[in-house]
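# What the coordinates show
Letter by letter, the chains look like this.
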Amino acid sequence: MARTGSNNIQAKLVLLGDMGTGKTSLVLRFVKGQFLEFQESTIGAAFFTQVLSLNEATIKFDIWDTAGQERYHSLAPMYYRGAAAAVVVYDITSMDSFERAKKWVTELQRQGNPNLIMFLVGNKVDLQQKRKVGIEEGEQYAKENGMVFLETSAKTAQNVNELFYEIAKRLAKKAPSRPIGMKLHRRPQETRRRMFCCS
Ligand code: G3D
Ligand code: MG
């Protein structure tokens, strides 16, 4: 994370979690305000940028949306290394995805940066009738691991902007105050780029 002007912050954000939990959908909801019922699986990782303005600072997010499949696991450190914030996503209708989320948290704790701001997100909260992971379970685990916890729905947009605002607020609090003299574009273009293909 770097403060690139008096109150401009550039921060790397990574999304981790099992395939199918809704990582790409959450990012698309935030960046483009859209949701796709049939969302292509991410191959390797995808990159997005988005700018969010708070009263106290403007945050430019460099977002790495990872694939989540086991076969791409060895690439994950590339995405979480140097990240200022990590969002570990599970699907509230899948206990397996919650267990997988815990593994990501353990990996981040072992290998990641101790200053990393970590969020635990239970997505697909619109599917209440299929819920397998209780809200208390998520909350409890997040608390034990010093994470911020939220349940979201990329489909209905519930808590999605709140998630990114909360990340931005915490980044703004933590960012070093010494400017390092790099300017943001006034209206950075959102980009999406496939990094790895195909197996
Ligand atoms: P991933 O990036 O974590 O692998 P995706 O997950 O964003 O690709 O989403 C996987 C599937 O879950 C997609 O459906 C997507 O539409 C759906 N999905 C994502 N978020 C939500 C949500 O909040 N609620 C509901 N009900 N569905 C969601 P398909 O049909 O393409 O598998
Ligand atoms: Mg994806």
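This report concerns the structure included in the present document. Note that the coordinates shown come from a computational prediction; the quantities given were computed from them, not determined experimentally.

Around the magnesium ion (ligand 2), the donor atoms from the protein are T24 (OG1) and T42 (OG1), and they sit 2.0 to 2.1 Å away. In this pair, T24 sits in helix α1 (residues 23-32) while T42 sits in the loop between α1 and β3 (45-53), placing the two residues 18 residues apart along the sequence.

Let us look at the pairing of strand β6 (residues 117-123). Counting buried positions over the seven residues of β6 gives seven, a clear majority of the element. Burial along β6 is two-sided: the residues I117, F119, V121 and N123 and M118, L120 and G122 are all buried. Examined bridge by bridge, strand β5 (residues 85-91) and β6 share seven bridges and lie parallel to one another. In the strand pairing of β6, D91 is matched with N123. In this structure, β6 lies alongside strand β7 (residues 148-151), joined through four bridges in parallel fashion. Opposite F119, over in β7, you have V148 as the bridge partner. The parallel pair β6 and β7, bridged by helix α4 (residues 135-144), forms a crossover whose chirality is right-handed.

Note on placement: K102 falls in helix α3 (residues 95-111). Between the C-alpha atoms of K102 and V89, which are 13 residues apart in sequence, the distance is 9.8 Å.

Another aspect to go through is the nonpolar core. Core analysis: the largest hydrophobic core is formed by 35 residues, its most contacted members being F61, I63, V87, F164, I167 and L171. Put simply, the parts of the chain that give this core at least two residues each are β2 (8-17), α1, β3, β4 (58-66), β5, β6, β7 and α5 (160-174). Residue contributions to this core peak at seven residues, all from α5. With residues near it in sequence (within four places) discarded, I63 still touches L13, L15, V27, F30, V31, A46, F47, F48 and F164. Membership of the second largest hydrophobic core comes to 27 residues, among which are L16, W64, A83 and F149.

Turning to the packing of α3 against α4, a few remarks are in order. For the pair α3 and α4, interaxial distance at closest approach is 12 Å and the crossing angle is 5°. Taken together, the axis directions place α3 and α4 in an arrangement best described as roughly parallel. Residues M95, F98, K102, V105 and T106 of α3 lie in contact with α4, whose contacting residues are E137, G138 and Y141. Partitioning the contact of α3 with α4 into residue classes produces four nonpolar, two polar and two charged.

Cut-off values and rules
- Residues numbered from 1 in each chain as written.
- Chains lettered and ligands numbered in written order.
- Predicted model: local features only at pLDDT ≥ 70, side-chain atom pairs only at ≥ 80, totals over all residues.
- Heavy atoms only, no water.
- Donors = N, O, S within 2.8 Å, 3.2 Å for Na, K, Ca; no water.
- Helix = DSSP H or I, 4+ residues; strand = E, 2+ residues; numbered from the N terminus.
- Buried < 20%, exposed > 50% of the residue type's maximum accessible area, 1.4 Å probe, protein only.
- Pairing = 2+ DSSP bridges.
- Right-handed = clockwise from strand over helix to strand, strands pointing away.
- Core = buried A, V, L, I, M, F, W, Y, C linked by side-chain atoms within 4.5 Å.
- Contact = heavy atoms within 4.5 Å.
- Axes fitted to C-alpha atoms, helices over the stretch in contact; angles between N-to-C directions.
- Parallel < 35°, antiparallel > 145°, perpendicular 65-115°, else oblique.
- Nonpolar A, V, L, I, M, F, W, Y, C, P; charged D, E, K, R; others polar.

Structural measurements only, silent on function.
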